[in-house]
Amino acid sequence: MYTPTVKVKKSGVPVVSKKELDAIGERFVADFQPNVPKNPEPVDIDGFAELYLGMTPDYQYLSHNGIYLGMTVFNDTNKVIVFDPTSQRAEYISAKARTMIIDKQLLEENQQHRYRFTVGHEASHDILHTAYFAYDPCQISMFDDYEPMIQCRLDTPSGNKKNTTEWNDCDWMEWQSNTLSSAILMPKCAVELIANRYREHKDLKNPIHRCILVAHISNAFDVSIAAATTRLKDLGYIDKNDTTDYSIGTTLMDFASVVVAV
């Protein structure tokens, strides 16, 4: 199993660039599902988290309004707060270390893309941030406010909108997990394989062509249009300041397939 080595701050938060996270994501996918880099297909993100990393999945309602999509538990605890829809109250449950809790709402129809990105996000916390949340059980009384878990709020793949100079440790860890989740679900080399082949025949200055490329990436890796768009912006295929809504791309591809079939 691949184990990345990264620098960390005194607090335990990794100091890692987007380029390094891309490389880490590629290495993980090449080790876990080696056909993906040369033959792009959806990464088995459930298998990656559970079978490869050894995390334990669990499914609970994490809030009454869907504000939390997932949670990673780093140490054994009996203080995981979940929401009971029957009693309409919050309650505590127990969870073992390295449990990944996914909000049950993500199991509903049409939530597959959000579910996959969230599993990738929680797996990324396990990879990158275990040391930050580590503690000595013999000295736990010293940490009365210690939280052995991290709750991940509803967020877009594009991440935190605050200026990075204002980010705290939690902001950096959320950005790192979003970025690594994207790098695992859409490995750089595999995205480039599709995008470069497409660009040989299509001018990406044309918004329709960009739209279809976004849909290609979305379909190839089973990710949302928003996640595919962000990934293509990060890799330079779409201008970062482009505000085009590329959701029409899927419709165009569906229409084209119907025309071909007829």
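None of these values were measured; they are calculated from a predicted model. The residue count restarts for each chain, going from 1 along the sequence in the order it is written. Owing to the predicted nature of the model, reporting of local features is limited to residues with pLDDT of at least 70; listing and counting of side-chain atom pairs is limited to 80 or more, with chain, interface and lining totals taken over all residues. Neither water nor hydrogens contribute to the side-chain values; these are computed over all heavy atoms in the structure.

**Details of helix α7 (residues 225-234)**
Test applied: To sort residues, take the accessible area from a 1.4 Å probe on protein chains only and compare it with the maximum for the residue type: under 20% means buried, over 50% means exposed, and anything in between is partly exposed. Strands are runs of DSSP state E lasting at least two residues, helices are runs of H or I lasting at least four, and both sets are numbered from the N terminus onward.
Taking burial as the measure, the 10 residues of α7 include 8 buried ones, the bulk of the element. Turning to α7, its buried residues are Ile225, Ala227, Ala228, Thr229, Thr230, Arg231, Leu232 and Lys233. One or two residues past the end of α7 sits Gly236, with phi positive at roughly 90°.

**What to know about the packing of aromatic side chains**
What counts is decided by this rule: Pairing of aromatic rings covers Phe, Tyr and Trp, the last through its six-membered ring, and needs centres within 6.5 Å; plane angles under 30 degrees mean stacked, over 60 mean edge-to-face, and all others mean tilted.
Taken as a whole, this structure holds 10 aromatic pairs when the rule is applied. Their ring planes at 70° and their centres at 4.8 Å tell us that Tyr2 and Phe28 sit as a pair that is edge-to-face. Taken together, the residues Tyr2 in the segment before β1 (7-8) and Phe28 in helix α1 (residues 18-32) connect sequence positions 26 residues apart. Their ring planes at 70° and their centres at 4.5 Å tell us that Trp167 and Trp172 sit as a pair that is edge-to-face.

**What about the confidence of the model for the protein chain?**
Selection criterion: Confidence scores per residue from the predictor, reported as pLDDT, run from 0 to 100. The contact criterion used is simple: two residues touch if any of their non-hydrogen atoms lie within 4.5 Å.
In the predicted model, the protein chain carries a mean pLDDT of 88, and the fraction of residues at 70 or more is 86%. Segment residues 255-262: pLDDT under 50, and 0 contacts once partners within four positions in sequence are set aside and those in other chains are kept.

**Quick word on the environment of Gly25**
Here Gly25 is to be found in helix α1. Sequence separation between Gly25 and Leu180 is 155 residues, and the spatial gap between their C-alpha atoms is 6.1 Å. Setting aside residues up to four positions removed in sequence, Gly25 forms contacts with Leu180, Ala183 and Ile184.

**Looking at the pattern of salt bridges**
A side chain with one charge may pair with a side chain of the opposite charge, provided their charged atoms come close. This is how it is decided: Note on definitions: salt bridges are taken to be side-chain nitrogens of Lys or Arg within 4 Å of carboxyl oxygens of Asp or Glu.
Taken as a whole and judged by the stated rule, the model has 8 salt bridges. With a shortest N-O distance of 3.3 Å, Asp234 and Lys18 are connected by a salt bridge. In this pair, Asp234 sits in helix α7 while Lys18 sits in helix α1, placing the two residues 216 residues apart along the sequence. A salt bridge links Asp22 to Arg231, with the nearest nitrogen and oxygen atoms 2.8 Å apart. Here Asp22 is found in helix α1, whereas its partner Arg231 is found in helix α7, with 209 residues between them in sequence. Each member of the pair, Asp22 as well as Arg231, carries the same accessibility label: buried. Salt bridges here are not isolated pairs; linked through shared partners, they connect Lys18, Asp234 and Lys240.

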